[in-house]
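Fold and contact review
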Amino acid sequence: MKPAPKAKVRRARLLISKVDPWSVLKMAFLLSVALGIVTVVAAIVLWTVLDLTGIFDQVDSLLGTLAGSESGGFELKKVASLGQVASFATIIAVVNVVLLTALSMLSAVLYNISATLVGGIGVTLTDD
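Given the structure is predicted, the values throughout are model-derived calculations rather than measurements.

**Let's talk about a nonpolar patch on the surface**
Side chains of I91, V95, L99, L103, L106, V109, L110 and I113 sit close together on the surface and give an oily, nonpolar patch of about 720 Å² of accessible area. Turning to its location among the elements, I113 is positioned in helix α4 (residues 82–118).

**Looking at the environment of G68**
Along the chain, the position of G68 falls in the loop between α2 (55–67) and α3 (76–79). Residue G68 is classed as partly exposed on the basis of its relative accessible area, which comes to 21%. Each C-alpha atom of the pair G68 and G119 lies 69 Å from the other, and the pair is 51 residues apart in sequence.

**What about the pattern of salt bridges?**
The final tally for this structure, using the stated rule, is 2 salt bridges. In this structure, D127 and R10 form a salt bridge, with 3.1 Å as the shortest nitrogen-oxygen distance. Taken together, the residues span a long stretch of sequence, with D127 in strand β2 (residues 121–127) and R10 in strand β1 (residues 10–16) at a distance of 117 residues. What makes R10 exposed here is its relative accessible area of 59%. Between D51 and K77 there is a salt bridge; the shortest N-O distance is 2.7 Å.

**A few points about the UniProt feature "transmembrane region" (unreviewed entry) in the chain**
Mapped onto this numbering, the UniProt entry annotates "transmembrane region" (unreviewed entry) at residues 21–50 and 85–111. Between the end C-alpha atoms of residues 21–50 there is a gap of 42 Å, over a span that is 100% helix and 0% strand. Between the end C-alpha atoms of residues 85–111 the distance is 38 Å, and the span holds 100% helix and 0% strand.

**Brief notes about the packing of aromatic side chains**
Overall, the coordinates contain 1 aromatic pair when judged by the stated rule. Residues W47 and F56 carry aromatic rings whose centres are separated by 5.3 Å and whose planes lie at 40° to one another, so their mutual orientation is tilted.

**A look at the side chain of N112**
Within the secondary structure layout, N112 lies in helix α4. Reaching out from N112, the side chain makes a polar contact with the backbone oxygen of V19 at a distance of 2.7 Å. Residue contacts for N112: discarding those within four places in its chain leaves K18, V19 and P21.

**Describing the packing of helix α1 (residues 21–52) against α4**
Contact pair α1 / α4: the axes reach a minimum separation of 8 Å and the direction vectors enclose 160°. Classified by the angle their axes make, α1 and α4 are roughly antiparallel. Seen from above, α1 lies across α4 with right-handed handedness. Split by residue class, the contact of α1 with α4 holds 21 nonpolar, 8 polar and no charged.

Rules and cut-offs
- Residues numbered from 1 in each chain as written.
- Predicted model: local features only at pLDDT ≥ 70, side-chain atom pairs only at ≥ 80, totals over all residues.
- Heavy atoms only, no water.
- Patch = residues over 30% accessible without salt bridge, like charges linked within 9 Å, V, L, I, M, F, W, Y side chains within 5 Å.
- Areas by Shrake-Rupley, 256 points an atom, 1.4 Å probe, with all protein chains shown as cover.
- Salt bridge = Lys/Arg side-chain N within 4 Å of Asp/Glu carboxyl O.
- Helix = DSSP H or I, 4+ residues; strand = E, 2+ residues; numbered from the N terminus.
- Buried < 20%, exposed > 50% of the residue type's maximum accessible area, 1.4 Å probe, protein only.
- UniProt positions renumbered as here; feature names shortened; annotations may be inferred.
- Phe/Tyr/Trp six-rings, centres within 6.5 Å; stacked < 30°, edge-to-face > 60°.
- Polar contact = N/O pair within 3.5 Å; in protein donor to acceptor, adjacent residues only side chain to side chain.
- Contact = heavy atoms within 4.5 Å.
- Axes fitted to C-alpha atoms, helices over the stretch in contact; angles between N-to-C directions.
- Parallel < 35°, antiparallel > 145°, perpendicular 65-115°, else oblique.
- Left-handed = near helix turned anticlockwise from the far one by under 90°.
- Nonpolar A, V, L, I, M, F, W, Y, C, P; charged D, E, K, R; others polar.

Rendered as structure tokens:
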């Protein structure tokens, strides 16, 4: 038996001349919301790991020895409690969602303007 002849690889050269800003806005919003959720969860997990490993107590004792015994004592958990860390991470996530969505939309509009001047980005697609 003779092996089948190798098929020719098909190639298509395409030009990305326009990006729909509305679809960029929707996709950027969804991805930045996912990144925001990851940010909040990571902050909570990091705080919990630091608490379970006793890092806060070690920092408190280190600061107590550095400041001396005359100071009233310092508790890091009161300054950076889990609620405060989660609130701060949520604020950062919301600001991040707004900024990333706006910058993505602006990037799509700027790409469309520059693509009308230079023609866009050429892409070659192959069929393996």
